[in-house]
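# Remarks on the overall topology
Listed here are the chains, written in short residue letters.
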Amino acid sequence: MSAISPMTQREPVFQVLPPNLLDRLGAAGPRYTSYPTADRFVEAHGPEQHQQALAQRAQGPGRAAPLSVYVHVPFCESLCYYCACNKIVTKHHERAKDYLRLLDLEIDLWGRHLGGRPAVSQLHLGGGTPTFLSDEEMEKLVGRLREAYEWMPGIEASIEIDPRTVTRARLQHLKALGFNRISYGVQDFDARVQQAVHRVQPYEQVAQLMQDARDIGFASINVDLICGLPLQTKASFARTLEQVAGLRPDRIALYAYAHLPQRFKAQRRIHTAEIPSADVRLQLHADAIAAFLAAGYEHIGMDHFALPGDALAQAKRQGRLHRNFQGYTVQPDGDLIGLGVSSISRVGASYAQNAKTIEEYADALNQGQWPVQRGIALTRDDLVRRSAIMALMCQGRLDFEGLASAHLIDPRQYFAQELETLASQQAEGLVKVTEQAVEVTPLGWFFVRSVAAVFDRHLQQDRARERYSKII
């Protein structure tokens, strides 16, 4: 079977694949926004271990490197049934006031351990719905972040937006505060699908906000879509794909819906019988890929697409792509400050996650303590495997010489078992293994999570994958 370049592919690639390949490689698996993945974090790594990691950073060579900052705003006015995010559904906007006070306390904690005003090259507000905050509250939060951190020239300052919560005036206010990138949560434009997931937002509303954002001067606009939602059909999703492509967002994120009602209470309101079958979901995904490639988008990796002139597409072509908890990014790999309930921080060779409930988060901060509830300190093996996995996920190439120089190992010997496992994927046209490297083929990009998973020691030791979304 010959691999077909995703740059020129115009027909659904899955039509040329045998079903058993989809059954095996389209199974559930991690998205690798980190390695080890967050489900491997342990409570034994708590506030004390997090503080030790910060102390080590202060003495290390990377202490002056620019940081990334993520702020989690958990509030939403209404419940979207598909949502698996950490959220608090409420119409009581006064709750935001105390939450901002807690964020202020956490920023102070970081400040006492980092010292000065650390430089920040990337800022992202996620949720929940960050635009749950009023203009005045958003101004207060951004002012605090500017006070605590030095916003570098050219900073990527992005925010997730529920189109139902903003107007042109609100977008102008966000731009004036310094945000230059926005992401609209669309999911699907079909009215029946929107009603089934309790998120009604007409196409006309989003189209107007897209035009408003362009007029105002945002540098990049992303649109999120979800494949596999209840009542989605080939015909209905084709209309959504055509509408999205017509809006010409700079980036598109196409996620596969993972129906896990046993874990996420909101999903219990979705009628299982209305969810497309596995075969239909695969075809929807294939149709989306074909539609976006035909519309001139480049396949960045997994389920992300970008116009050729976008910074992500340029970074992909130049081998400068990176990946963190916000997904693909052009920002260099570095430390991340996670602020807010459930946020994850990266400090050196460790990860730390805040308490997932606002009560536990508040209790720790009100006592002057870190709200860290769990995390992990990476072993030498974790660091080697993180390098390998991120190289595959971002560059599509694991270079043995570079890995050997960085970690003082013989990669072919170190990963002898993994390379043997990759032989079957090489036979299927997904990778090419040479004496110098493992290279992901154009076809393999659609299954890159499966390729990366071969190097995931934790996953190979624990094959229970029900916690993950489908790869395809």
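Just above sits the structure.
These remarks concern the structure in this document.

Reading the values: the criteria
Residues numbered from 1 in each chain as written. Predicted model: local features only at pLDDT ≥ 70, side-chain atom pairs only at ≥ 80, totals over all residues. Heavy atoms only, no water. Helix = DSSP H or I, 4+ residues; strand = E, 2+ residues; numbered from the N terminus. Rg over C-alpha atoms; globule rule 2.2 N^0.38 Å. Buried < 20%, exposed > 50% of the residue type's maximum accessible area, 1.4 Å probe, protein only. Contact = heavy atoms within 4.5 Å. Axes fitted to C-alpha atoms, helices over the stretch in contact; angles between N-to-C directions. Parallel < 35°, antiparallel > 145°, perpendicular 65-115°, else oblique. Nonpolar A, V, L, I, M, F, W, Y, C, P; charged D, E, K, R; others polar. Patch = residues over 30% accessible without salt bridge, like charges linked within 9 Å, V, L, I, M, F, W, Y side chains within 5 Å. Areas by Shrake-Rupley, 256 points an atom, 1.4 Å probe, with all protein chains shown as cover. Salt bridge = Lys/Arg side-chain N within 4 Å of Asp/Glu carboxyl O. Lys, Arg positive; Asp, Glu negative; His and termini not counted. Charge placed at Lys NZ, Arg CZ, Asp CG, Glu CD. Disulfide = S-S within 2.5 Å. Pairing = 2+ DSSP bridges. Polar contact = N/O pair within 3.5 Å; in protein donor to acceptor, adjacent residues only side chain to side chain. Phe/Tyr/Trp six-rings, centres within 6.5 Å; stacked < 30°, edge-to-face > 60°.

### Some remarks on the overall build of the protein
The helix and strand inventory of the protein stands at 17 helices and 19 strands. Scaling as 2.2 N^0.38, a compact globule of 472 residues should have a C-alpha radius of gyration of about 23 Å, and the protein matches this with 22 Å. Overall, the C-alpha framework of the protein stretches about 60 × 55 × 40 Å when taken along its three principal axes. The buried share of the protein, taken over its 472 residues, is 57%. A separation threshold of at least 6 residues defines the contact pool for the protein, and within that pool the share at least 24 residues apart is 73%.

### Details of the packing of helix 2 (residues 47-59) against helix 3 (residues 95-114)
Look at helix 2 against helix 3: their axes get within 9 Å of each other, and the N-to-C directions meet at 40°. With respect to helix 3, the element helix 2 is oriented oblique. Touching His-50, Gln-51, Leu-54 and Arg-57 of helix 2 are Trp-110, His-113 and Leu-114, all from helix 3. In terms of residue class, the contact of helix 2 with helix 3 is built from three nonpolar, three polar and one charged.

### Quick word on a negative patch on the surface
Together, Glu-43, Glu-359, Glu-360 and Asp-363 make up a region of like negative charge exposed at the surface. Counting through the fold element by element, Glu-360 comes out in helix 11 (residues 358-366). Judged by relative accessible area, Glu-360 falls into the partly exposed class, the value being 39%.

### Observations regarding the state of the cysteines
Within this structure, the stated rule accounts for zero disulfides. Between Cys-76, a cysteine without a disulfide, and Cys-83, which holds the nearest cysteine sulfur, the sulfur-to-sulfur distance is 6.2 Å. Using a relative accessible area of 10% as the deciding quantity, one classes Cys-76 as buried. Its sulfur unpaired, Cys-80 is 6.4 Å from the next cysteine sulfur, which belongs to Cys-83.

### Digging into the pattern of salt bridges
Taken as a whole, this structure holds 24 salt bridges when the rule is applied. Among the salt bridges present, the one from Arg-164 reaches Asp-162, with a minimum N-O distance of 2.8 Å. The class of Arg-164 is partly exposed, set by a relative accessible area of 28%. Its relative accessible area of 8% is what places Asp-162 among the buried residues. The salt bridge involving Glu-298 is made with Arg-317; its shortest N-O contact spans 2.9 Å. Taken together, the positions of Glu-298 in strand 9 (residues 298-301) and Arg-317 in helix 10 (residues 311-318) put the pair 19 residues apart, joining distant regions of the chain. The exposure class of Arg-317 is partly exposed, given its relative accessible area of 49%.

### Here's the deal with the sheet that holds strand 19 (residues 437-440)
If you walk across this open sheet you meet the three strands as 17-19-18, and the pairing is antiparallel. Pairing within the sheet leaves two strands with one partner each, and these edge strands are strand 17 (397-399) and strand 18 (431-433). Pairs of neighbouring strands in the sheet enclose a mean axial angle of 10°, with direction left out of account. With three bridges joining them, strand 18 and strand 19 adopt antiparallel strand pairing. Bridging from a neighbouring strand, Val-431 pairs with Val-440 of strand 19. The strands touched by helix 15 (residues 416-427) are strand 18 and strand 19; relative to strand 18, the strand with the most contacts, the crossing angle is about 130°.

### Focus: the side chain of Ser-350
Inspection of the secondary structure puts Ser-350 in strand 15 (residues 350-354). Residue class for Ser-350 comes out buried when judged on its relative accessible area of 6%. Polar side-chain contacts of Ser-350 include one of 2.8 Å to the backbone oxygen of Val-347. For Ser-350, the residues in contact, after removing those within four places along its chain, are His-45, Ala-53, Ser-345, Ile-376, Ala-377 and Leu-378.

### Remarks on the packing of aromatic side chains
Within the structure shown, the criterion is met by eleven aromatic pairs. Centroid distance Trp-110 to Trp-370: 5.2 Å. Interplanar angle 85°. Geometry classified as edge-to-face. Of this pair, Trp-110 sits in helix 3 while Trp-370 sits in the loop between helix 11 and strand 16 (372-377), placing them 260 residues apart in sequence. Neither residue differs from the other here; Trp-110 and Trp-370 are each classed as buried. Between Tyr-414 and Phe-415, the ring centres sit 5.1 Å apart and the planes meet at 80°, which makes this aromatic pair edge-to-face. Exposure remark for Phe-415: the relative accessible area of 1% places this residue in the buried category. Three or more aromatic residues link up through ring pairs in this structure, and these residues are Phe-75, Tyr-99, Phe-132 and Tyr-361.

Read these as spatial facts, not as claims about activity.
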